[in-house]
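So you can see what is in the structure, the chains are spelled out below.
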Amino acid sequence: MNYLGDWDTVWPNRHRLRKYGSHAGLEKDVIKHLFDIYAAINKDASTDPAVKTSTSNRYKRMEDGDQDALCNWRMWREMSVREYEKEWERLNVKFDMCSGESEVGKESLDVALGNLESMSLMSEWDDVKLVKLEKWRLDKAVVHGTLVYLTRDIGCTITRYETYKFDKMKHVIFSQQDLHVSQFFVVLELPLGVLAHADHLQALTRNEHEENGGGVFGQDH
């Protein structure tokens, strides 16, 4: 199964495409050009709070289903996936299933958030809900508001289990996601965690293997 990171704050809108890139660049090499745009937006956001606010607001509109905000995102995603498919074919790589963060449904997100709220670990700040993980020496994680990566991954895990009833699921993730993955697995392992109701999964939600080297961060559960 290939799970694409296709839901982010910095997918460019028309204005950002004009500022950071071009349609010619997209046609020449869509993956590299979108990456360059992504890097440029992140660089500006690191020094200009207005850019960060703008990207967060647009992401919130995407989360809320705003069709104008989603229009360009759909185009960039389709162009990217077409290029990925060419690379997969060149490498003779085949996936039984290819999905992405964007395909996690609202129902799964609501279930994930409901489970988190039942743990009495929630706090709220400036209309954003956080799950408190300091006990595990981890930063608080946003679970409801503008950025909900953790909630989305938990919702996806619920959907996967309900669909496949897996015995083991392995995540292979780029090493820059160490903190996020640590938060994700801690939440899954909590006594009232989202998968703890399935007794035969309790052992599987513990980390059996952890590798943080090279370009991947792998964990089994």
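In this report, we go over the structure that sits alongside the text. Keep in mind that this is a model prediction, so the values were computed, not measured.

### Let's talk about the pattern of salt bridges
Taken as a whole and judged by the stated rule, the model has 8 salt bridges. Measuring nitrogen to oxygen at the nearest pair gives 2.8 Å for the salt bridge that ties glutamate 63 to arginine 152. One end of the pair, glutamate 63, is in helix 4 (residues 49-63); the other, arginine 152, is in helix 7 (residues 149-164), and 89 residues separate them in sequence. Residue classification places glutamate 63 among the partly exposed residues on the basis of a relative accessible area of 23%. Overlapping salt bridges, with partners in common, bring together Asp6, Arg77 and Glu103 in one network.

### Describing helix 7
Look at helix 7: 22 Å from first C-alpha to last across 16 residues, which is about the 22 Å you get at 1.5 Å a residue. For helix 7, the set of buried residues is Leu150, Thr151, Arg152, Asp153, Ile154, Gly155, Cys156, Thr157, Ile158, Arg160 and Tyr161. Backbone geometry just after helix 7 places lysine 165 at a positive phi near 45°.

### Structural notes on helix 4
Between its first and last C-alpha atoms helix 4 spans 21 Å; for 15 residues at 1.5 Å apiece the expected length is 21 Å, and the two agree. Those residues of helix 4 that sit buried are Val51, Thr55, Ser56, Arg58, Tyr59 and Met62. Taken around the axis of helix 4, the buried residues stretch over an arc of 165°, which confines them to a single face. For helix 4, the exposed residues set more than 90 degrees away from the buried face come down to Pro49 and Ala50. At the N-terminal end of helix 4, a side-chain oxygen is found 3.0 Å from the backbone nitrogen of alanine 50, two or three residues along, and the residue is aspartate 48. One or two steps after helix 4, the chain reaches glycine 65, where phi turns positive at roughly 85°.

### Quick look at the pairing of strand 3 (residues 122-125)
Where strand 3 lies against strand 4 (residues 128-131), 4 bridges are found, and the strand directions are antiparallel. Bridging across to strand 4, tryptophan 125 finds its partner in valine 128. Linking strand 3 back to strand 4 in an antiparallel pair, the connection comprises 2 residues, with aspartate 126 at a positive phi of about 55°.

### Notes on the environment of valine 148
Looking at where valine 148 falls in the secondary structure, it is placed in the loop between strand 5 (141-144) and helix 7. Using a relative accessible area of 7% as the deciding quantity, one classes valine 148 as buried. Between the C-alpha atom of valine 148 and that of lysine 60, which follows or precedes it by 88 residues, the distance is 9.8 Å.

### Section: the side chain of serine 80
Mapped onto the elements of the fold, serine 80 is located in helix 5 (residues 67-90). Polar side-chain contacts of serine 80 include one of 2.9 Å to the backbone oxygen of tryptophan 76.

### A short note on the packing of aromatic side chains
For any pair of aromatic rings, the description consists of the separation of the ring centres together with the inter-plane angle of the planes. Tallied over the full model, the rule gives 3 aromatic pairs. For the ring pair tryptophan 7 and tryptophan 73, a centre distance of 5.1 Å and an interplane angle of 90° mean the geometry is edge-to-face. Residue tryptophan 7 is located in the loop between strand 1 (2-4) and helix 1 (14-20), and its partner tryptophan 73 is located in helix 5; the two are separated by 66 residues in the primary sequence. Accessibility classification places tryptophan 7 together with tryptophan 73 in one group, the buried group. Aromatic side chains tyrosine 84 and tryptophan 88 sit 6.0 Å apart centroid to centroid with 20° between the ring planes, which places their arrangement in the stacked category. Of the two residues, tyrosine 84 and tryptophan 88 are both situated in helix 5; the distance of 4 residues between them amounts to about one turn of the helix. Tryptophan 88 sits in the buried class, given a relative accessible area of 17%. Connected via pairs of aromatic rings, a cluster forms that spans Tyr84, Trp88 and Phe95.

Each value, and the rule that gives it
Residues numbered from 1 in each chain as written. Predicted model: local features only at pLDDT ≥ 70, side-chain atom pairs only at ≥ 80, totals over all residues. Heavy atoms only, no water. Salt bridge = Lys/Arg side-chain N within 4 Å of Asp/Glu carboxyl O. Helix = DSSP H or I, 4+ residues; strand = E, 2+ residues; numbered from the N terminus. Buried < 20%, exposed > 50% of the residue type's maximum accessible area, 1.4 Å probe, protein only. Expected span 1.5 Å × (residues − 1). Arc of directions from axis to C-beta. Polar contact = N/O pair within 3.5 Å; in protein donor to acceptor, adjacent residues only side chain to side chain. Pairing = 2+ DSSP bridges. Phe/Tyr/Trp six-rings, centres within 6.5 Å; stacked < 30°, edge-to-face > 60°.

Everything listed here is a matter of geometry and, on its own, says nothing about what the molecule does.
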